[in-house]
2 protein chains.
Amino acid sequence: MNTDTIVRGNERFDDLNLNNLKIIQNSDFFCFGIDSVLLSNFAKVKKNELVLDLGTGNGIIPILLSAKTLGRMFIGIEIQKECVDMANRSVIYNNLTSRIKIMEGDIKDLSSHFDNMSFDVITTNPPYMPNGDGIICEYNAKSIARHELLCNLEDVISGSSKLLKNNGRFYMVHRPHRLVDILSLMRKYRIEPKLIKFVQASLDKQPNMVLIEGVKNGGAWLTVSEPLIIYND
Amino acid sequence: MNTDTIVRGNERFDDLNLNNLKIIQNSDFFCFGIDSVLLSNFAKVKKNELVLDLGTGNGIIPILLSAKTLGRMFIGIEIQKECVDMANRSVIYNNLTSRIKIMEGDIKDLSSHFDNMSFDVITTNPPYMPNGDGIICEYNAKSIARHELLCNLEDVISGSSKLLKNNGRFYMVHRPHRLVDILSLMRKYRIEPKLIKFVQASLDKQPNMVLIEGVKNGGAWLTVSEPLIIYND
């Protein structure tokens with residue numbers, strides 16, 4: 001397919017440096033960052049598993065996971081119509097329509113789209129900031145991706161708990177300052193935290209990201225990995 | 001005081017390499033480790049504050065904090081009579097009777113010893129292992145210090161919540177694999193986790209200790225420090 005016909009208006013076409021994959025992004029919307037790349041490396045997806053990505057944005061996580069794993073099908077759900085449209089065009093361009101499906105939908109209304117206990121794995125890079133933190137000018141595309149305006153952490157975790165199979169796995173990237181909320185809510189909704197890995201820029205800097213694996217109805221034993229240090233002398 | 005009269009039977013007299021302080025220990029009981037030393041460095045005690053150490057053992061934490069801070073009074077409570085006796089003799093030997101008081105008592109019955117909301121700071125190095133984990137031969141002195149035989153994490157945190165003043169501070173050292181229990185119970189009993197610091201032997205090893213600061217009725221924002229790496233090239 002010709003890139004002239006697939007990229008529109010303010011959009012750009014970025015190379016993912018992996019299997020010749022490309023992704024359509026638009027700087028008027030949320031563009032993917034290192035957090036999505038780290039989450040797609042952290043998540044374990046086994047052969048033939050069915051994977052759901054909540055708040056998939058431009059589809060970066062399903063696209064990366066489809067290349068890195070042998071999962072059968074990756075479904076991304078996203079509330080912003082323009083992102084769904086961009087993500088779908090990236091899936092078509094990359095010839096991934098047999099393994100990735102992007103849907104428009106609301107994380108607060110997952111049960112209207114999916115059966116309970118139907119997914120092996122759920123991934124998510126949700127909005128990090130509670131509604132009311134920081135200055136939000138308006139409900140624009142970027143603030144919806146960054147702040148808990150249209151869904152909050154409890155919506156993400158409670159919804160995931162319903163959709164995961166027993167022993168299904170949940171993978172999330174988030175900010176360390178929300179860790180008490182994260183771990184408390186995961187336990188509340190029976191996605192037991194099993195592994196956390198902090199990410200810090202350098203040895204003497206506080207971590208600014210945390211990667212979390214939980215298991216639906218898993219037993220209580222958390223492993224804390226050594227941190228990932230991005231720039232290490 | 002002569003050491004011959006203060007050290008008895010299997011006991012030994014260890015130098016703390018701090019202000020000429022010494023401590024009586026007995027290898028038949030739990031001897032202090034690096035965790036108590038790290039906790040006493042991590043805990044912030046301000047001038048004239050009143051501090052309680054739960055499960056004080058041989059009194060290591062009050063003795064170190066009395067040297068490192070300007071706290072007014074350090075009270076240690078311990079259920080094992082033999083430890084209370086050793087701790088009291090260490091306090092006397094070090095001329096600290098005006099600032100440290102060691103009491104025999106049960107963490108599950110703190111309200112019979114202390115008024116609610118009476119402490120500025122509570123410190124604790126509690127038993128790490130849930131009752132039932134690992135092989136416990138008997139209710140001996142060491143297993144009481146290591147396993148939740150006579151009190152569990154919820155007893156420690158719920159008791160601390162009652163005794164701390166509003167905005168009082170709670171400092172604990174524990175194992176990372178219990179982090180979900182720790183953070184969930186602290187929030188449940190309104191000691192909001194504010195700072196955590198992991199301790200790992202080297203850069204490529206998982207942390208094996210975690211230091212936690214909580215604030216009674218504090219607001220929700222957790223800082224995760226960069227880890228403390230004991231052996232760093």
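Because the structure is predicted, anything quoted here is derived from the model rather than measured.

### Looking at the packing of aromatic side chains
All names here are of chain A.
Line of reasoning, step 1. Considering all chains together, one arrives at 7 aromatic pairs over all chains under this definition.
Line of reasoning, step 2. Ring plane angle 85 degrees and centroid distance 5.9 Å describe the contact between F42 and Y171, whose orientation is recorded as edge-to-face. Of this pair, F42 sits in helix α2 (residues 34-42) while Y171 sits in strand β7 (residues 164-174), and the two are 129 residues apart along the sequence. With respect to burial, F42 and Y171 carry one shared label: buried.
Line of reasoning, step 3. Ring geometry for F114 versus F119: centroids 5.2 Å apart, planes at 80 degrees, classification edge-to-face. Summarising the burial analysis for this pair, F114 and F119 share the class buried.

### Considerations on the side chain of D53 of chain B
Residues and elements named next belong to chain B.
Line of reasoning, step 1. Looking at the secondary structure, you find D53 in strand β3 (residues 50-54).
Line of reasoning, step 2. An unpaired buried charge is present at D53: no salt bridge exists, and K68, the closest side chain of opposite charge, is 13 Å distant.
Line of reasoning, step 3. Of note is the side chain of D53, whose polar atom sits 2.7 Å from the side chain of T56.
Line of reasoning, step 4. Each residue touching D53, except ones within four places of it in the same chain, is listed here: I61, P62, I75, G76, I77, T123 and T124.

### Observations concerning the relation of the copies chain A and chain B
Line of reasoning, step 1. Between chain A and chain B, which share one sequence, the superposing operator has a rotation angle of 180 degrees and an axial displacement of 0.0 Å; the RMSD is 0.0 Å. Those values place the two copies in the arrangement expected of a two-fold rotation axis. For chain A, the residue whose C-alpha comes nearest the rotation axis is S184 of chain A, separated from it by 2.6 Å.

### Points about the pairing of strand β9 (residues 209-216) of chain A
Residues and elements named next belong to chain A.
Line of reasoning, step 1. Burial runs high along β9: 8 of the 8 residues are buried.
Line of reasoning, step 2. On β9, burial covers both faces: M209, L211, E213 and V215 on one face and V210, I212, G214 and K216 on the other are all buried.
Line of reasoning, step 3. By the bridge criterion, 6 bridges tie β7 to β9 in an arrangement that is antiparallel. Bridge pairing in β9 places R169 opposite V215.

### So, the interface of chain A and chain B
Line of reasoning, step 1. Listed by partner, the interface residues are 28 residues for chain A and 28 residues for chain B.
Line of reasoning, step 2. Here chain A packs against chain B, burying approximately 2300 Å² in sum over the two surfaces, 67% of which is carbon and sulfur.
Line of reasoning, step 3. Looking at the side of chain A facing chain B, the largest losses of area belong to H177, V180 and V224 of chain A, adding up to 24% of the total buried there.
Line of reasoning, step 4. In this structure, the connection of chain A to chain B is made through 2 salt bridges.
Line of reasoning, step 5. Between D181 of chain A and R187 of chain B there is a salt bridge, with its nearest N and O atoms 2.5 Å apart.
Line of reasoning, step 6. At the junction of chain A and chain B, the tally comes to 4 residue pairs in polar contact (both at pLDDT 80 or more).
Line of reasoning, step 7. Those elements that place two or more of their residues in the side of chain A that touches chain B are α7 (179-188), β8 (191-200) and β10 (223-224) of chain A.
Line of reasoning, step 8. The greatest single-element share of the side of chain A that touches chain B, amounting to 6 residues, is contributed by α7 of chain A.
Line of reasoning, step 9. For the side of chain A that touches chain B, the class distribution of residues is 14 nonpolar, 7 polar and 7 charged.

### Brief notes about the confidence of the model for chain A
Line of reasoning, step 1. Here chain A shows a mean pLDDT of 93. Residues at 70 or above account for 94%.
Line of reasoning, step 2. Prediction confidence for the complex, expressed as pTM and ipTM, is 0.93 and 0.91 respectively.

### Things to note about the environment of S66 of chain B
Residues and elements named next belong to chain B.
Line of reasoning, step 1. Relative to the helices and strands, S66 is located in helix α3 (residues 60-68).
Line of reasoning, step 2. A relative accessible area of 5% places S66 in the buried class.
Line of reasoning, step 3. C-alpha of S66 to C-alpha of V45: the two residues are 21 residues apart in sequence and 9.5 Å apart in space.

### Some details on helix α4 (residues 81-93) of chain B
Line of reasoning, step 1. With 13 residues, α4 of chain B extends 18 Å between its outermost C-alpha atoms, agreeing within 8% with the 18 Å of an ideal straight helix rising 1.5 Å per residue.
Line of reasoning, step 2. N95 of chain B, located one to two residues past α4 of chain B, shows a positive phi value of around 60 degrees.

### Observations regarding the environment of I63 of chain A
Residue and element names in this part refer to chain A.
Line of reasoning, step 1. Residue position: I63 is located in helix α3 (residues 60-68).
Line of reasoning, step 2. Overall, the relative accessible area of 0% leaves I63 in the buried class.
Line of reasoning, step 3. Expressed as a C-alpha distance, the spacing of I63 and H147, which sit 84 residues apart in the sequence, is 24 Å.
Line of reasoning, step 4. Residues in contact with I63, not counting those within four places in the same chain, are L16, L21, I23, N58, S90, N94, L96 and I100.

### Looking at the state of the cysteines
Line of reasoning, step 1. Inspection of every chain in the model, using the stated rule, returns 0 disulfides over all chains.
Line of reasoning, step 2. Left without a disulfide partner, C83 of chain A is nearest to the cysteine sulfur of C31 of chain A, which lies 9.2 Å away.
Line of reasoning, step 3. Relative accessible area serves as the criterion here: at 5%, C83 of chain A is assigned to the buried category.
Line of reasoning, step 4. Cysteine C151 of chain B remains unbridged, with the sulfur of C83 of chain B as its closest cysteine sulfur at 13 Å.
Line of reasoning, step 5. A relative accessible area of 9% places C151 of chain B in the buried class.

### A few points about the pairing of strand β1 (residues 11-15) of chain B
Line of reasoning, step 1. Pairing geometry for β1 of chain B and strand β2 (residues 22-26) of chain B, over 5 bridges, is antiparallel. Bridging from a neighbouring strand, E11 of chain B pairs with N26 of chain B of β2 of chain B.

### Focus: the pattern of salt bridges
Line of reasoning, step 1. Summed over the entire model, instances satisfying the criterion amount to 28 salt bridges over all chains.
Line of reasoning, step 2. As a salt-bridge pair, E104 of chain A and K81 of chain A come within 3.7 Å of each other at their nearest N and O atoms. Of this pair, E104 of chain A sits in strand β5 (residues 100-104) while K81 of chain A sits in helix α4 (residues 81-93); the two residues are 23 residues apart in sequence, bridging distant segments of the chain.
Line of reasoning, step 3. For K81 of chain A, a relative accessible area of 53% translates into the label exposed.
Line of reasoning, step 4. Residue E148 of chain B is joined to R178 of chain B by a salt bridge in which the shortest nitrogen-to-oxygen separation is 3.4 Å. In this pair, E148 of chain B sits in the loop between α5 (141-146) and α6 (153-163) while R178 of chain B sits in the loop between β7 (164-174) and α7 (179-188), placing the two residues 30 residues apart along the sequence.
Line of reasoning, step 5. Connected via shared salt-bridge partners are E148, R178 and D181 of chain A together with R187 and E192 of chain B.

What counts, and at which threshold
Residues numbered from 1 in each chain as written. Chains lettered and ligands numbered in written order. Predicted model: local features only at pLDDT ≥ 70, side-chain atom pairs only at ≥ 80, totals over all residues. Heavy atoms only, no water. Phe/Tyr/Trp six-rings, centres within 6.5 Å; stacked < 30°, edge-to-face > 60°. Helix = DSSP H or I, 4+ residues; strand = E, 2+ residues; numbered from the N terminus. Buried < 20%, exposed > 50% of the residue type's maximum accessible area, 1.4 Å probe, protein only. Lys, Arg positive; Asp, Glu negative; His and termini not counted. Salt bridge = Lys/Arg side-chain N within 4 Å of Asp/Glu carboxyl O. Polar contact = N/O pair within 3.5 Å; in protein donor to acceptor, adjacent residues only side chain to side chain. Contact = heavy atoms within 4.5 Å. Least-squares fit on C-alpha atoms with pLDDT ≥ 70 in both. Pairing = 2+ DSSP bridges. Buried area = accessible area lost by both parts, 1.4 Å probe. Nonpolar A, V, L, I, M, F, W, Y, C, P; charged D, E, K, R; others polar. pLDDT = per-residue confidence, 0-100. Expected span 1.5 Å × (residues − 1). Disulfide = S-S within 2.5 Å.

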